[in-house]
Amino acid sequence: MSAAMDTESTYSGYSHYSGHSKKAHRQGRDRHKSPRSKDGSRSEKSVTIQTPPAEPLLGNDASRAEEGQDDNWGETTTAITGTSEHSISQEDIARISKDLEDSVGLDCKRYLGLTVAAVVGLLVFLTPIAFILLPQILWRDDLEPCGTVCEGLFISVAFKLLILLIGTWALFFRQPKADLPRVFVFRALLLVLIFLFVFSYWLFYGVRILDSKDTDYHGIVQYAVSLVDALLFIHYLAIVLLELRQLQPAFAVKVVRSTDGESQYYSLGHLSIQRAALVVLENYYRDFTVYNPALLTASKSRAAKHMAGLKVYNVDGPGNNASGQSRAMIAAAARRRDSSHNELYYEEADHERRVKKRRARLVVAVEEAFTHIKRLQAEEQQKAPGEMMDPREAAQAIFPSMARALQKYLRTTRQQQYHSMESILQHLSFCITNNMTPKAFLERYLNPGPTLQYDRDRWFSKQWTLVSEEAVTSGLQDGTVFVLKCLDFSLVVNVKKIPFIKLSEEFIDPKSHKFVLRLQSETSV
């Protein structure tokens, strides 16, 4: 256990930087922030996935501060463990206050919609019961006796209301998956239709039954039954509009991530733009690999280095030979571009070589550690039940033997901001508990997985902004383009209509498949 704790203090260094380097990178990032995030988000619509309140991302500073550092920075940099430094700027304070105001507004809108739906639903279910009970309460002595058919209608009303209650609970009372910028048009229309329908029934009931004190109790009960039947038909209409209408594919959408160009295709039905954006985001967290800004720093640093190397000197004095300067810069850039592909080739070849080497070391270290686990399990079977080691202790016992190889591999592939020591230990103890192989343990680290595979604190996309030239409540059309923006990147969605396919039938005569084999005497057959 002491070895595991020593390795824990050593391994935690790869996610922390020295105080000097952290401040320098943080100041540099604050200087280069783009001002468009302040004034460009005032008139945009937000689509927020249900996530915990906004918190500072643990991997943000590490991923951005890694730019400009070599692969062996951990051996030459002083690591601070057990302490933390936090700084905040005026822009961060303004952004946090804006997020809090937006979250308060979204919560109010969400609870207002739920309150209105609950009130309308309660009115719907109490109305048939009130139609039956009010004559019994107000003019019971003047009512005609209810016969056998009338009493049988009570059972019909009870079971129909039960079916309507279960269907309404299954269709409407579900946990919301997102906060949309606008109301769902079909859902709002259904609420308005139900309210007008029930109001018209109450109006007719008050004028023709309450005012005149109708004594035909069988007709009153039949009136309540007709209301329940109409409500059941409205529920069927809601199922068609809210669930069945969007099932048939009508559009093919292409989703492209703006930073690295990763793309996916999806088939959607007849949806509004905001609901199509919600479907795209649900599939994004499952299908797209996790966004890693550290992988983009190499190309940016290489381009900046080429541009910084261009210098033009004007020997004729200021204001002379401007066109000559521009031609000289273009020619110099062209010469550098001709030689930059060699540099890119050797950089990528060297990076692949280091990744393969450290991957091989990691695989060997993990296989040796799991072999040690099997040996420990054989020894534990001979001990008393009170002395046996649980999976967590076993994971802590074998983790030091693979920690350094895993640390170097994650640094080389720039994944260290997504994997903390605690998450690695939990995954290792999970693999030990379920008797999984070393390959099953390494699957999470050898290849980057989808966003859902990682903790929410490691996500770079929690709140999204929907940008569209068309109204977000309008339906999808051929050629529609909208953008889903988050803090560090955006998703560009291009909609294409699935073409109309015309199939024709061609009849093949069965006799056309028959052949005659004619043998000649001259052949060898």
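Source: prediction; values computed, not measured.

**What to know about unusual backbone geometry**
- Here the phi dihedral of Lys213 falls at roughly 50 degrees; this positive angle occurs in a residue that is not glycine.
- Tracing the sequence through the fold places Lys213 in the loop between helix 8 (185-210) and helix 9 (217-244).

**Comments concerning the side chain of Thr168**
- Here Thr168 is to be found in helix 7 (residues 148-171).
- Residues within four places of Thr168 in sequence aside, it is in contact with Phe125, Phe173 and His235.

**Here we look at helix 13 (residues 391-412)**
- Taking 1.5 Å of rise per residue, the 22 residues of helix 13 would be expected to cover 32 Å, and the 29 Å separating its terminal C-alpha atoms lies within 8% of that figure.
- Positive phi appears at Arg414, one or two residues downstream of helix 13, with a value of about 60 degrees.

**What about the UniProt feature "transmembrane region" (unreviewed entry) in the chain?**
- Feature annotation in UniProt places "transmembrane region" (unreviewed entry) on residues 111-133, 153-172, 184-204 and 224-244, given in this structure's numbering.
- This span, residues 111-133, is 100% helix and 0% strand, and a straight line between its end C-alpha atoms measures 32 Å.

**As for the state of the cysteines**
- In the structure shown here, the tally under the stated rule is one disulfide.
- Disulfide pairing places Cys146 opposite Cys150 at an S-S distance of 1.9 Å. Every disulfide takes its handedness from the sign of the S-S torsion; for Cys146 and Cys150 that torsion is -115 degrees, giving left-handed.

**Re the layout of surface pockets**
- Space inside the second largest pocket adds up to approximately 1600 Å³.
- Taken together, 48 residues line the second largest pocket, and the ones lying closest to its centre are Leu114, Phe172, Pro176, Phe184 and Arg187.
- Counting residues per element, the ones that place at least two in the lining of the second largest pocket are helix 6 (90-138), helix 7, strand 2 (178-179), helix 8, helix 9, strand 4 (263-268) and helix 10 (273-287).
- The element best represented in the lining of the second largest pocket is helix 6, accounting for twelve residues.
- A domain-level breakdown of the lining of the second largest pocket finds at least three residues from each of domain 1 (97-246) and domain 2 (251-292 + 459-497).

Scoring rules and cut-offs
Throughout this document, residue positions are counted from 1 along each chain, in the order its sequence is written. In view of the model being predicted, local features appear only for residues whose pLDDT reaches at least 70, and side-chain atom pairs are presented and counted only at 80 or more, with totals across whole chains, interfaces and linings using the full set of residues. Side-chain figures throughout are based on the complete set of non-hydrogen atoms in the structure, without hydrogens or water. Labels follow the DSSP assignment, with helices taken as runs of H or I lasting at least four residues and strands as runs of E lasting at least two, numbered in each case from the N terminus. When checking whether two residues touch, look at their non-hydrogen atoms; a contact exists if any pair is within 4.5 Å. To estimate the expected span of a helix, count its residues, drop one, and scale the result by 1.5 Å. UniProt positions are given in the numbering used here, feature names are shortened, and annotations may be inferred rather than shown by experiment. By definition, disulfides here are pairs of cysteine sulfur atoms that lie within 2.5 Å. Here a cavity denotes grid points, spaced 1 Å and computed from the protein atoms alone, that fit a 1.4 Å probe unable to get out, and a pocket denotes an open set having protein on both sides within 12 Å along at least 5 of 7 lines; residues with an atom within 4 Å of a point are the lining. Grid points are joined across faces, edges and corners, and a volume is the space filled by probe spheres set on the points. Each domain's extent is set by a domain assignment, obtained either automatically or from a database.

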